[in-house]
Every structure is written in C-alpha cells, then in structure tokens.
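Each chain, written out:
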Amino acid sequence: MKKITEMNPVEFRELLQTFVNEELFKSRERLMALLEQNAPIEQLDAAFREFFVAYELLELALEDYHYDPDEGLEMQPEFAEELDRRIADYEAGRTKPVPMEKIFKKYCSSNWASE
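So, here is what we can say about the structure in this document. (Residues numbered from 1 in each chain as written. Predicted model: local features only at pLDDT ≥ 70, side-chain atom pairs only at ≥ 80, totals over all residues. Heavy atoms only, no water.)

**Concerning the overall build of the protein chain**
Selection criterion: Secondary structure counts use DSSP, requiring at least four H or I residues in a row for a helix and at least two E residues in a row for a strand, with both numbered from the N terminus. Two things to know: the radius of gyration comes from C-alpha atoms, and the globule rule equals 2.2 Å times the number of residues to the power 0.38. Classification of residues uses two cut-offs on accessible area relative to the type maximum, computed with a 1.4 Å probe and protein chains only: under 20% is buried, over 50% is exposed, and between them is partly exposed. Whether two residues are in contact is decided by their heavy atoms: any pair within 4.5 Å suffices. Under the convention used here, a 1.4 Å probe and the Shrake-Rupley method define accessible areas, while residue burial counts only the protein chains that appear. Residues scored as positive are Lys and Arg, those scored as negative are Asp and Glu, and His as well as the terminal groups of each chain are ignored. Where a charge lies is defined by one atom per residue type: Lys uses NZ, Arg uses CZ, Asp uses CG and Glu uses CD.
In terms of helices and strands, the protein chain carries 6 helices and 2 strands. Ordered by position from N to C terminus, the α and β elements of the protein chain give β-α-α-α-β-α-α-α. Computed over its C-alpha atoms, the radius of gyration of the protein chain comes to 21 Å, more than 25% above the 13 Å expected for a compact globule of 115 residues. Every one of the 115 residues in the protein chain was classed for burial, and the buried ones make up 14%. The contacts of the protein chain with a sequence gap of at least 6 include a subset with a gap of at least 24, amounting to 56%. Taken as a whole, the protein chain presents about 10,100 Å² of accessible surface, with 56% of it coming from carbon and sulfur. Of the side chains in the protein chain, 14 bear a positive and 26 a negative charge, and the two mean positions are spaced by 7 Å.

Here it is as structure tokens:
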C-alpha cells in the first residue's frame, strides 16, 4: 500500500494527473448532459452503466493507496476530554446513542434528511 502523504511532489502530481483523467469524470459529464437534456430513459440507463463501471474502476485504482485526511492533525485537549467523558458515560450506561436520523434532521437541510 502506498501512502499518499509519503509521495514526493513529482509522484503526487503524477498520481493526481492519472486520477483526474479517469473515465469516471468524463462519463459523469456525459451523464449530467443527458440529464439536463431530459434524455430518454434508455440513454440515461446506458450512461449510468458507463458511469458506474468507471466508478468501480476508479475504486480499484485507489485500492493501492492509503490516505488519511486527519493524519498529522492534532486533537484539541478539550475535545479529547469531552470525547473520553462521553465514551465513559456510554460504557457506564448513563447515556444512549442518538440515531443518525435524529442528527440528520437536526443539522441537515430538510431536503437531504428526507431522502
């Protein structure tokens, strides 16, 4: 597994160039154009299948790489203490988990939460 954060600048640029040229992004544009044109369902279906296959191929290409967006970031001591306290409360049975649906309804737009 190749860690993206350990690549030198040349390797990183080459990787980015490879990924931005993936078929996924081209097939996405074709699919978006068909959607905007209100194309027949048969054309949309074919374009979606191409998009889906391109997505799967990109996912396969990414399997060889590791990237942790939080790597190198420090957790604020106050947050770490609060997190530890909440975990302890949960493990001791003093609190129950909140269903994700409630969180989505509270913090997300009504359109997104209802999907």
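**Examining the nonpolar core**
Our working rule: By nonpolar core we mean a set of buried residues, namely Ala, Val, Leu, Ile, Met, Phe, Trp, Tyr and Cys, connected to one another through side-chain atoms within 4.5 Å.
One finds Ile4, Met7, Leu15, Phe19, Leu24, Ala54, Leu58 and Tyr65 forming the largest nonpolar core, which totals 8 residues. Only helix H1 (9–20) and helix H3 (41–62) provide two or more residues apiece to this core. What Ala54 contacts, discounting residues up to four positions off in sequence, is Glu23, Leu24 and Ser27. Leu31, Leu34, Leu44 and Ala47 belong to the second largest nonpolar core, which has 5 residues in total.

**Focus on unusual backbone geometry**
Phi at Asn38 is positive, roughly 55°, even though this residue is not glycine. Residue Asn38 is classed as exposed on the basis of its relative accessible area, which comes to 68%.

**Things to note about helix H2 (residues 23–36)**
The following threshold applies: By this rule the span expected of a helix is its residue count minus one, scaled by 1.5 Å. For this quantity, the arc is that covered by the directions from the helix axis to the C-beta atoms.
Here H2 contains 14 residues, and its C-alpha end-to-end distance of 20 Å stays within 8% of the 20 Å for a straight helix at 1.5 Å per residue. Within H2, the full set of buried residues consists of Leu24, Ser27, Leu31 and Leu34. One face of H2 carries all of its buried residues, which in axial projection span an arc of 90°.

**A word on the side chain of Ser27**
Its location among the elements puts Ser27 in helix H2. Exposure remark for Ser27: the relative accessible area of 1% places this residue in the buried category.

**Quick word on the environment of Leu31**
Here Leu31 shows up in helix H2. A relative accessible area of 12% places Leu31 in the buried class. Linking Leu31 and Ala47, residues 16 residues apart in sequence, is a C-alpha distance of 5.6 Å. Once residues within four sequence positions are removed from consideration, Leu31 is found in contact with Leu44, Ala47, Phe48 and Phe51.

**Let's talk about the pattern of salt bridges**
Counted only if it meets this: Note on definitions: salt bridges are taken to be side-chain nitrogens of Lys or Arg within 4 Å of carboxyl oxygens of Asp or Glu.
Enumeration according to the criterion identifies 10 salt bridges in this entry. The partner of Glu29 in a salt bridge is Arg28, with the nearest N and O atoms 2.9 Å apart. Take Glu29: its relative accessible area is 47%, and that puts it in the partly exposed class. Note that Asp89 and Arg94 form a salt bridge whose closest N and O atoms lie 2.9 Å from each other.

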